[in-house]
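Letter by letter, the chains look like this.
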6 protein chains.
Amino acid sequence: MAGVIRASVVQTCTAAYSLENTLSKFEILLCLAKERDGAQLAVFPEAFIGGYPKMSHFGAVVGERSDSGRDEFLRYYQGAIEIPSPTISRIEAACKEHNVFVVMGVIEKDLGTLYCTAIFVDPVAGLVAKHRKLVPTGTERIIWGQGDGSTLPVLEARFDAITNDNPAGREATRAKISAAICWENYMPLLRTYYYSLGTQLYCAPTVDARPQWQSTMTHIALEGRCFVLSACQFAKEADYPPDHAVADKSNRNADNIMISGGSVIVSPLGEILAGPSREPETILTADLDLDQIARGKFDLDVCGHYARTDIFQLHTRTQSNLEGYRDASK
Amino acid sequence: MAGVIRASVVQTCTAAYSLENTLSKFEILLCLAKERDGAQLAVFPEAFIGGYPKMSHFGAVVGERSDSGRDEFLRYYQGAIEIPSPTISRIEAACKEHNVFVVMGVIEKDLGTLYCTAIFVDPVAGLVAKHRKLVPTGTERIIWGQGDGSTLPVLEARFDAITNDNPAGREATRAKISAAICWENYMPLLRTYYYSLGTQLYCAPTVDARPQWQSTMTHIALEGRCFVLSACQFAKEADYPPDHAVADKSNRNADNIMISGGSVIVSPLGEILAGPSREPETILTADLDLDQIARGKFDLDVCGHYARTDIFQLHTRTQSNLEGYRDASK
Amino acid sequence: MAGVIRASVVQTCTAAYSLENTLSKFEILLCLAKERDGAQLAVFPEAFIGGYPKMSHFGAVVGERSDSGRDEFLRYYQGAIEIPSPTISRIEAACKEHNVFVVMGVIEKDLGTLYCTAIFVDPVAGLVAKHRKLVPTGTERIIWGQGDGSTLPVLEARFDAITNDNPAGREATRAKISAAICWENYMPLLRTYYYSLGTQLYCAPTVDARPQWQSTMTHIALEGRCFVLSACQFAKEADYPPDHAVADKSNRNADNIMISGGSVIVSPLGEILAGPSREPETILTADLDLDQIARGKFDLDVCGHYARTDIFQLHTRTQSNLEGYRDASK
Amino acid sequence: MAGVIRASVVQTCTAAYSLENTLSKFEILLCLAKERDGAQLAVFPEAFIGGYPKMSHFGAVVGERSDSGRDEFLRYYQGAIEIPSPTISRIEAACKEHNVFVVMGVIEKDLGTLYCTAIFVDPVAGLVAKHRKLVPTGTERIIWGQGDGSTLPVLEARFDAITNDNPAGREATRAKISAAICWENYMPLLRTYYYSLGTQLYCAPTVDARPQWQSTMTHIALEGRCFVLSACQFAKEADYPPDHAVADKSNRNADNIMISGGSVIVSPLGEILAGPSREPETILTADLDLDQIARGKFDLDVCGHYARTDIFQLHTRTQSNLEGYRDASK
Amino acid sequence: MAGVIRASVVQTCTAAYSLENTLSKFEILLCLAKERDGAQLAVFPEAFIGGYPKMSHFGAVVGERSDSGRDEFLRYYQGAIEIPSPTISRIEAACKEHNVFVVMGVIEKDLGTLYCTAIFVDPVAGLVAKHRKLVPTGTERIIWGQGDGSTLPVLEARFDAITNDNPAGREATRAKISAAICWENYMPLLRTYYYSLGTQLYCAPTVDARPQWQSTMTHIALEGRCFVLSACQFAKEADYPPDHAVADKSNRNADNIMISGGSVIVSPLGEILAGPSREPETILTADLDLDQIARGKFDLDVCGHYARTDIFQLHTRTQSNLEGYRDASK
Amino acid sequence: MAGVIRASVVQTCTAAYSLENTLSKFEILLCLAKERDGAQLAVFPEAFIGGYPKMSHFGAVVGERSDSGRDEFLRYYQGAIEIPSPTISRIEAACKEHNVFVVMGVIEKDLGTLYCTAIFVDPVAGLVAKHRKLVPTGTERIIWGQGDGSTLPVLEARFDAITNDNPAGREATRAKISAAICWENYMPLLRTYYYSLGTQLYCAPTVDARPQWQSTMTHIALEGRCFVLSACQFAKEADYPPDHAVADKSNRNADNIMISGGSVIVSPLGEILAGPSREPETILTADLDLDQIARGKFDLDVCGHYARTDIFQLHTRTQSNLEGYRDASK
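Calculation rules
- Position numbers for residues start from 1 in each chain and track the written sequence from start to end.
- Whichever chain is written first is A, and whichever ligand is written first is 1; the rest continue in order.
- Only residues with pLDDT of 70 or above have their local features reported here, since the model is predicted, and side-chain atom pairs are shown and tallied only from 80 upward, although totals for entire chains, interfaces and linings are computed over all residues.
- Side-chain measures here rest on the full set of heavy atoms in the structure, leaving out hydrogens and waters.
- What makes two residues a contact is simply this: any of their non-hydrogen atoms within 4.5 Å.
- Here the quantity called buried area is the total loss of accessible area, with a 1.4 Å probe, experienced by two parts when brought into contact, counted for both.
- Salt bridges are identified by distance alone: a Lys or Arg side-chain nitrogen within 4 Å of an Asp or Glu carboxyl oxygen.
- By the criterion applied in these results, polar contacts are pairs of N or O atoms within 3.5 Å in which, for protein atoms, one can donate a hydrogen and the other can accept it, and in which residues neighboring in sequence qualify only through two side-chain atoms.
- Only DSSP runs of H or I covering at least 4 residues are called helices, and only runs of E covering at least 2 are called strands; the numbering of each starts at the N terminus.
- The classification used treats Ala, Val, Leu, Ile, Met, Phe, Trp, Tyr, Cys and Pro as nonpolar, Asp, Glu, Lys and Arg as charged, and all other residues, Gly among them, as polar.
- Here the copies are superposed with least squares, the fitted atoms being C-alpha atoms of residues at a pLDDT of at least 70 in both.
- Relative accessibility thresholds used throughout: buried, under 20% of the residue-type maximum; exposed, over 50%; partly exposed, between the two (1.4 Å probe, protein chains only).
- Note on terminology: a nonpolar core comprises buried Ala, Val, Leu, Ile, Met, Phe, Trp, Tyr and Cys residues joined through side-chain atoms within 4.5 Å.
- Think of it this way: a Phe, Tyr or Trp ring, Trp meaning its six-membered ring, pairs with another when their centres are within 6.5 Å, and the plane angle makes it stacked under 30 degrees, edge-to-face over 60, tilted otherwise.
- Every helix has an expected span of 1.5 Å times one less than the residues it contains.
- Starting at the helix axis, one direction is taken to each C-beta atom, and the arc is that of these directions.
- Any two strands are treated as partners once DSSP identifies two or more bridges connecting them.
- In this description, a line fitted to the C-alpha atoms serves as the axis of each element, helices being fitted only across the stretch in contact, and the angle between N-to-C directions of two axes falls anywhere from 0 to 180 degrees.
- Criterion for a disulfide: a pair of cysteine sulfur atoms within 2.5 Å.
- The path from the first strand over the helix to the second decides the hand: if it runs clockwise while the strands point away from the viewer, the crossover is right-handed.
- Geometric relationships in this document are graded by angle, where less than 35 degrees denotes roughly parallel, more than 145 denotes roughly antiparallel, 65 to 115 denotes roughly perpendicular, and other angles denote oblique.
- Left-handed describes a crossing in which the near helix is turned anticlockwise from the far one by less than a right angle; the clockwise case is right-handed.

### Description of the interface of chain A and chain B
Every contact between the two is made by 47 residues of chain A and, on the other side, 47 residues of chain B. Counting the surface lost from both chain A and chain B, the interface buries some 4000 Å², and carbon and sulfur atoms represent 62% of this. Counting every contact that joins chain A to chain B gives two salt bridges. Linking E223 of chain A and R191 of chain B is a salt bridge whose minimum nitrogen-to-oxygen distance equals 2.6 Å. Where chain A meets chain B, there are 20 residue pairs in polar contact (both at pLDDT 80 or more). Mapped by element, the contributors of at least two residues to the side of chain A that touches chain B are α4 (188-196), α5 (213-224) and β17 (312-316) of chain A. Class assignment of the residues belonging to the side of chain A that touches chain B gives a composition of 20 nonpolar, 16 polar and 11 charged.

### Brief notes about the relation of the copies chain B and chain D
At an RMSD of 0.1 Å, chain B and chain D line up after a rotation of 179° and a shift of 0.0 Å along the axis. One copy is carried onto the other by what is essentially a two-fold rotation axis. By C-alpha distance to the rotation axis, the residue of chain B lying nearest is R141 of chain B, at 3.1 Å.

### Description of the environment of G147 of chain B
Along the polypeptide, G147 of chain B turns up in the loop between β7 (126-132) and β8 (155-159). Its relative accessible area of 0% is what places G147 of chain B among the buried residues. Along the chain, G147 of chain B and F101 of chain B lie 46 residues apart, while their C-alpha atoms are 23 Å from each other. Once residues lying within four places of it in the same chain are set aside, the contact partners of G147 of chain B are R308 and I311 of chain A together with Y115, R132, K133 and L134 of chain B.

### A word on the nonpolar core
I177 and L201 of chain C together with L41, I177, L201 and L229 of chain D are the most contacted members of the largest nonpolar core, which has 182 residues in total. Those residues in contact with I177 of chain C that lie beyond four places of it in its chain are L41, F101, V103, F120, P153, V154, L155, A157, F159, T199, L201 and C203 of chain C.

### With respect to the packing of aromatic side chains
A full pass over the atoms with the stated rule returns 88 aromatic pairs over all chains. Taking 6.3 Å as the distance between ring centres and 55° as the angle between the ring planes, the aromatic pair formed by Y193 of chain A and F312 of chain B counts as tilted. Here Y193 of chain A is found in helix α4, whereas its partner F312 of chain B is found in strand β17 (residues 312-316) on a different chain. According to the relative accessible area criterion, Y193 of chain A is buried, its value standing at 5%. Taken together, a centroid distance of 6.2 Å and an interplanar angle of 50° make the contact between F101 of chain B and F159 of chain B tilted. Here the residue F101 of chain B occupies a position in strand β5 (residues 101-110), and F159 of chain B occupies one in strand β8, the gap between them amounting to 58 residues. In this pair, the class of F101 of chain B matches that of F159 of chain B, namely buried. The rings of F298 of chain A together with Y17, F58, F73, Y76, Y77 and Y240 of chain D are connected pair by pair, giving a single aromatic cluster.

### What to know about helix α2 (residues 67-78) of chain C
Since the α-helix advances by 3.6 residues per turn, residues separated by three or four positions end up pointing in the same direction. Along its 12 residues, α2 of chain C runs 16 Å from first to last C-alpha, staying within 8% of the 16 Å computed at 1.5 Å per residue. Along α2 of chain C, the residues classified as buried are G69, R70, F73, L74, Y76 and Y77 of chain C. Looking down the long axis of α2 of chain C, one finds its buried residues gathered within 165° of arc, a one-sided arrangement. The elements touched by buried residues of α2 of chain C are β4 (64-65), β5 (101-110) and β6 (113-122) of chain C together with α6 (291-297) of chain E.

### Some words on the sheet that holds strand β6 (residues 113-122) of chain A
Residues and elements named next belong to chain A. In spatial order, the strands read β7-β6-β5-β2-β1-β16; together these six strands make up an open sheet with mixed pairing. Here the strands that pair on one side only, and so sit at the sheet edges, are β7 (126-132) and β16 (282-289). Along the sheet, successive strands turn relative to each other by an average axial angle of 30°, direction set aside. Each of β1 (4-11), β2 (41-43), β5 (101-110) and β16 is contacted by helix α1 (residues 19-36), which is oriented at about 40° to β16, the strand it contacts most.

### Description of the state of the cysteines
In this structure the tally under the stated criterion is zero disulfides over all chains. Not engaged in a disulfide, the cysteine C303 of chain A finds its nearest cysteine sulfur in C226 of chain A; these two sulfurs lie 11 Å apart. Relative accessible area serves as the criterion here: at 8%, C303 of chain A is assigned to the buried category. Here C95 of chain D stays unpaired: no disulfide links it, and the sulfur of C31 of chain D, its closest cysteine neighbor, is 12 Å away.

### Thoughts on the interface of chain B and chain D
Taken together, the contact between chain B and chain D spans 24 residues of the former and 24 residues of the latter. Between chain B and chain D, roughly 2000 Å² of surface is buried when both sides are summed, and carbon and sulfur atoms account for 61% of that area. For the pair chain B and chain D, the interface holds two salt bridges. Between E64 of chain B and K54 of chain D there is a salt bridge, and its shortest N-O distance comes to 3.2 Å.

### A word on the pairing of strand β1 (residues 4-11) of chain E
Residue and element names in this part refer to chain E. Counting buried positions along β1 gives seven out of eight residues, so the element sits mostly inside the fold. For β1 and strand β16 (residues 282-289), the ladder comprises eight bridges, and the chain directions are antiparallel. For S8, the partnering residue across the bridge sits in β16 and is T285. Here β1 runs beside strand β2 (residues 41-43); their pairing, made up of three bridges, is parallel. Opposite V9, over in β2, you have V43 as the bridge partner. For the handedness criterion, the β-α-β arrangement of β1, helix α1 (residues 19-36) and β2 is classed as right-handed.

### Some thoughts on the packing of helix α4 (residues 188-196) of chain E against helix α4 (residues 188-196) of chain F
The interhelical angle for the contact between α4 of chain E and α4 of chain F, taken along N-to-C directions, is 160°, at an axis separation of 9 Å. In terms of orientation, α4 of chain E and α4 of chain F fall into the roughly antiparallel class. Along this stretch, α4 of chain E crosses α4 of chain F, giving a crossing that reads as left-handed. Of the residues in α4 of chain F, those in contact with P188, L189, R191 and T192 of chain E of α4 of chain E are P188, L189, R191 and T192 of chain F. Of the residues contributing to the contact of α4 of chain E with α4 of chain F, the split by class is four nonpolar, two polar and two charged.

Written out as structure tokens, the structure reads:
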């Protein structure tokens with residue numbers, strides 16, 4: 001048997017741009033996911049560390065940026081983290097303490113540019129990979145840069161056997177993990193690349209809370225014959241700084257919903273295993289039976305027996321262009 | 001304005017493998033779609049001409065084909081059509097008579113091999129293109145061959161202005177049409193190729209009636225920012241020859257549903273414009289406002305501003321290899 | 001129904017190099033095949049007109065040709081026929097009289113070179129095509145030239161309905177015919193070319209009487225899913241001029257067998273329908289149910305669903321180079 | 001002298017889907033082939049490792065896959081092996097211990113897709129190549145993917161001199177080996193490609209036990225002027241799991257024959273050197289005198305003096321398309 | 001039997017530029033060839049009518065033409081004939097009278113340009129064809145134009161049976177005739193074109209009297225497997241006008257040889273049948289056994305079994321360009 | 001000055017099919033040609049390595065090959081060489097040692113087919129090209145394949161200055177070399193192709209010892225305005241294995257002449273520079289003054305000023321079709 005993994009998607013949000021408070025939330029939620037729900041893998045939303053500045057336009061219009069917008073960007077920049085950094089170490093420590101593999105959205109700072117990044121933290125090896133979002137959407141393009149082909153990991157993680165009173169009686173097992181952030185999930189060639197490397201636990205940190213998001217999560221599970229774990233933020237006005245932009249300034253209310261969640265776990269045959277949830281601060285957990293993948297690929301394997309590699313050839317450059325700047329001697 | 005096209009998806013089924021009766025159904029349904037509902041474009045299901053032998057395995061098991069299975073195949077082979085052929089001419093005549101552009105699933109015979117094909121019939125120019133399904137699914141693989149890269153058309157059709165009492169008051173307009181049959185819709189590279197050529201009216205003839213099909217149709221509309229027109233068969237046991245395979249031989253009943261429909265029309269922003277229907281013999285019609293495509297591509301254009309062609313390069317061979325056999329000197 | 005054709009393979013031989021006597025034999029055998037056995041198609045052996053100079057080496061050794069060998073060649077050359085010619089007209093007349101389609105091996109003369117040719121004579125249209133053997137075998141290479149790509153016909157013939165007391169009650173039908181002569185049948189690319197054009201009645205005029213020939217005939221029927229009709233010569237010493245070469249000069253005997261027949265008809269599923277015969281002057285006849293081809297292609301169609309045209313591409317030049325000599329301005 | 005090689009074809013079957021038991025059988029049979037019969041080359045049947053699920057249809061009918069069919073596929077998937085893998089290492093060790101070159105059919109697992117593969121294991125170099133079947137036949141198409149042009153090896157193997165009491169007194173020699181699996185043997189272009197690379201030991205692992213198979217093996221030997229070594233499974237019901245599909249459920253009997261063998265060795269001139277055998281668990285052995293190949297090519301060399309490359313040009317793509325997915329930057 | 005033809009080559013010369021005297025010589029020589037020697041075919045030298053102005057340069061040097069040279073050209077121009085013309089009629093009458101087919105070199109006048117032409121005169125049909133020399137050699141280029149592809153006849157002539165006391169007892173027969181003038185015989189593509197049309201009686205009117213000419217005549221007979229009939233002029237100073245150029249003005253002598261003959265007849269196997277002669281006014285006659293052609297083509301037929309039309313393709317334009325001037329309405 | 005090259009044609013024969021002895025002869029003769037006669041270029045006869053099986057018919061008659069004939073072919077096959085191979089290396093070493101450019105006839109083995117090949121070995125660069133005979137003659141057709149358009153080299157070689165006591169006082173120079181083997185010299189289109197590429201040293205390895213061969217050599221020199229170097233074998237019965245075929249078995253005598261030489265060197269104006277020789281084991285040497293070529297082309301250049309490319313167009317395919325088999329993806 002290929003094994004069963006218990007996985008959680010954590011529906012939560014950044015604590016009003018406070019790094020310290022957000023890390024505390026992370027530690028508590030991670031503890032709950034594991035110690036209460038038995039999770040071996042936990043997925044947190046896009047931009048959980050650093051925050052998703054929903055409704056802001058950073059004072060920018062076509063041809064103009066305002067001084068106050070620059071100030072707002074500076075505050076946002078200051079809340080982002082470097083990789084590695086003490087924040088990363090603190091996250092690694094928590095993963096190790098609870099023996100949970102974590103995939104989490106963070107705002108990454110690299111010199112002057114911010115990236116919307118997903119980090120992969122192994123409980124034993126610590127930070128093992130990161131993925132930078134390839135194409136920001138809409139106004140995100142004025143605050144985030146584009147990732148390149150060097151951060152498209154599909155990595156194999158080990159999940160220990162769990163022998164306590166957990167009814168699933170899980171054995172130690174291994175599975176391949178990847179992450180696509182928000183509308184990257186609409187990029188068919190990125191998905192194909194992940195499928196071609198055998199992704200089994202397809203993580204989708206997001207802030208897209210539209211109802212149609214559910215169709216896309218179900219479609220990807222079916223198309224890729226993989227488990228899809230989508231963690232979305234759920235945030236109210238109270239979860240942002242008081243001066244943060246809102247939909248309707250005339251109707252400010254701490255309880256107004258800014259991002260309405262929709263986290264979900266879908267099986268390789270398109271069955272909803274958990275969610276979608278519209279609750280704030282929720283942990284959704286499911287047992288992922290990896291054998292469902294082989295059962296599913298029986299009739300569809302888009303990079304295997306269902307491919308037409310004679311007609312369609314996808315070539316993927318995974319070279320890092322950025323490193324070219326920094327050391328030409330290699 | 002890019003224009004508005006009134007389009008129908010026709011939920012119907014083959015008439016118990018009778019070519020004559022099926023053509024009669026086609027002519028009646030096409031007449032209704034146009035003269036009652038005002039359709040300029042009509043999409044018919046997969047394998048409408050020729051039939052979809054649901055539940056049959058043609059006497060084949062691993063390592064063996066039975067004589068009765070070969071007989072069943074022969075019957076099925078005899079019901080298939082050649083392109084061109086008198087049947088095609090009759091379809092062309094109906095399209096011309098009613099001034100409707102038709103996309104329809106047929107079983108095509110080419111020497112000894114059958115193909116699951118979609119034909120494109122222009123009311124003026126007649127048959128203008130065909131698309132052969134690239135990968136048959138499951139047991140289909142024992143009855144249908146694989147298409148190649150030479151039949152992947154994305155063609156521009158012209159739709160006449162309609163000046164009668166039709167409330168839409170449509171002007172003459174043009175739009176690009178393509179077709180992906182049944183589980184081809186799960187092939188991300190095929191879809192990407194179609195998107196890259198600008199498909200606007202993405203036709204999806206199918207016999208997949210699972211509820212999850214709806215997720216995929218909605219996803220494709222969103223991913224490709226195109227109208228998705230999915231026509232599915234609706235068939236009962238009575239719609240097959242009396243000796244045809246059924247799910248449960250002990251419970252034969254002419255009213256048992258073999259394929260339960262689910263035809264649907266979705267807009268480029270993921271809105272359901274018509275359907276999904278679970279009725280037999282239904283015509284679903286909607287006005288397709290082509291301007292919705294530009295509106296949608298404002299924030300997502302997966303082969304344009306949302307592509308990463310520096311990382312992902314898709315090469316598509318559209319050469320026909322089969323023709324090479326026949327004469328290299330011409 | 002695709003129809004049933006009654007076909008004969010005629011096991012006979014040239015009448016001691018006499019054109020007149022051989023044509024008389026032809027007329028008698030054709031009459032028998034049709035009027036006694038009901039044949040609509042009759043296949044005659046390789047080199048039936050002109051003769052197969054078995055056991056001769058025409059006085060040639062490496063580096064030398066003898067005068068007597070040239071004389072022998074001259075005699076052989078004089079017995080060959082041009083296409084068209086009065087001999088062809090006489091053959092056409094017999095085909096018309098008996099309403100039989102004939103495929104027959106002849107030695108064709110074109111200026112100074114002889115070709116081992118198969119002619120296709122339609123009862124209505126007369127000579128409709130010819131095929132020149134592409135590669136002579138062994139010592140044949142010193143007497144016959146090589147055909148080129150311009151004489152590789154796969155043509156569709158019409159067979160009239162036969163309403164007399166023939167038990168098969170055949171309807172008018174059509175079928176595709178081709179011919180491969182003797183060891184051309186070992187040329188996989190020639191066979192593939194014929195299959196790709198849909199040959200249904202694969203004629204194999206030959207003089208190869210080895211037992212292994214039967215394996216090849218059965219294999220081709222299976223590989224190509226076609227009817228194989230192999231007509232072999234049966235000849236004794238008495239069927240050659242008295243001075244003709246023999247295997248053992250010390251044991252000349254008019255009854256010694258020179259070519260021992262083995263004519264056979266095989267179905268597309270590898271069943272022997274008639275023969276192999278080792279009798280002199282025999283007509284083998286079988287009813288060919290064309291539906292067996294579709295039944296057979298259900299699980300094997302080497303130029304259709306069983307091809308890998310993405311990997312293997314066969315290009316065939318069917319241009320005549322010889323005509324280029326003669327006038328480029330037309 | 002070109003040398004003599006002693007070769008065995010092993011007629012056996014998978015041990016009721018047990019990998020461990022099948023490997024044990026392999027080790028015993030390999031030991032016998034070498035230590036008792038003196039084999040330097042041993043060919044095992046198609047799907048020997050992994051099994052050939054004769055008579056099963058994996059719960060699939062046109063348009064439907066059942067849950068129990070998916071379960072059956074999962075069991076079959078779990079019995080397949082990766083290349084390389086510990087199973088491969090164990091096979092390599094046995095080849096090394098007995099100094100035998102092995103060609104063997106295995107079911108190969110590559111991510112979600114299974115392939116029907118032949119492995120080539122050199123006693124010194126270990127696994128040196130593999131060939132994936134290009135076109136599965138009939139219902140095999142629902143369980144196996146298609147190989148591509150990158151696994152069509154014709155490789156030269158070295159066979160040590162054997163100086164013990166073996167009567168053949170073989171010297172060290174070299175010969176070119178290839179493999180075509182089951183009905184691939186009906187693909188004329190694949191065979192031509194192998195011939196063009198000079199295959200001398202044409203291995204044909206199969207499960208086709210029809211009498212007509214013998215015609216095809218003899219034909220290929222003659223056409224390609226090569227030794228043909230066909231190893232077929234011989235299996236009874238007892239050789240399958242108790243719940244496995246059978247021809248007649250009402251007549252289950254452990255002794256019923258599922259696959260009836262027919263392994264055979266044929267010389268380049270079409271002589272049967274060993275077999276065909278209808279015995280279970282048989283080893284057929286013959287001395288292959290490589291000089292017979294030159295003797296045979298004297299009058300037929302279909303890719304040499306008997307080709308018409310001016311008319312027929314075969315182009316073969318041997319590129320792996322699959323690797324293109326994974327990293328274009330290397 | 002293909003037949004035997006008695007043919008003569010006539011070694012003679014123009015009568016000091018006198019048309020009348022030259023025609024008289026022609027009539028006498030033709031009478032002798034037939035009535036004394038039995039010739040059915042007679043070949044006369046290059047420029048027999050009109051003359052070959054050996055040793056003259058017509059006063060031309062590079063960049064200059066002299067008045068006296070122009071006068072000399074005028075005299076030469078006046079001696080040339082038109083086709084048709086009374087001179088042609090007179091030649092036709094002689095051929096008819098003696099029942100001989102004649103090939104003869106003439107200087108043809110067409111408006112302002114002279115051509116070195118060979119005429120073909122049938123005893124029954126009269127003038128049936130002409131051939132204009134394609135490339136004049138050396139200084140000939142200042143007096144003769146170039147022929148085009150429209151005058152390259154290979155025509156079939158009929159030779160009556162001859163029943164008188166002629167020992168050969170020839171039957172009526174047919175043979176193909178062509179002509180190449182002087183160094184045209186060095187043009188391999190012209191010769192190839194003639195061979196491709198089956199020339200049997202290859203006529204070579206010339207004035208080349210070098211010893212090496214014999215090698216070329218023998219080579220062409222062998223290469224083309226045809227009879228070569230080369231008629232050369234034999235001329236002394238006395239055969240030119242008194243003021244004509246000579247090799248050595250200080251040694252004028254009526255008996256000095258200007259052109260030394262060398263007429264010859266060669267068989268298709270390279271045997272010399274008559275000549276070469278160095279006598280003035282000689283008629284060489286030989287019986288040409290056409291069967292020698294088939295005997296010879298047994299081992300060499302450069303446009304048949306010995307061609308490589310797949311590699312070398314010769315295209316020949318036989319359109320008349322000159323006619324394009326004259327009538328654009330056709 | 002274009003330069004002078006001293007060239008030898010070596011009249012010799014294969015040493016009774018012994019590769020070792022033949023190579024020794026080669027090394028001795030090459031040494032003599034250079035160190036005694038000063039040759040910079042040496043031409044050896046057709047089939048010198050491998051042998052010319054004069055008078056044998058390899059047991060083949062029309063329709064039959066005998067076992068003893070196959071054995072004889074096997075012996076002949078075993079004496080042939082591959083290109084490259086250790087034999088080639090040994091030839092290269094000798095050429096380098098003596099600083100001689102060698103053109104030599106060899107029997108080449110390529111998988112199952114033999115070719116009659118001429119190799120071009122440069123003293124510095126080693127093997128630089130090969131030419132395979134395009135059309136074997138007569139009985140050669142049963143032992144040799146046909147070359148294709150890819151081995152028709154006309155290559156430029158460099159000849160070092162020679163400053164020793166050689167009276168010619170040759171400077172370093174360059175010249176274009178080609179080869180036509182035996183009756184290829186009768187192929188007008190092959191010769192034209194060579195002329196069109198500017199061949200200057202036209203090598204004609206042969207075994208044709210007829211007197212008429214001399215006419216053809218002289219004609220080619222004149223037609224192509226090139227030096228013709230024809231090296232013919234001279235062989236007695238003693239030069240063949242004792243069991244080899246002879247003209248008259250009743251009169252076996254070691255001194256009987258099998259091939260009687262006739263090697264010759266001809267200038268571009270048709271002068272005999274050396275030979276023809278009827279001596280065994282002879283080296284004929286001549287100084288080739290390349291300026292004679294321009295002198296000769298003054299009045300005849302059949303691919304230049306004497307061509308009629310408006311009428312005759314020769315197209316030559318120089319593509320190798322054989323390589324197409326092997327990998328179209330490279």
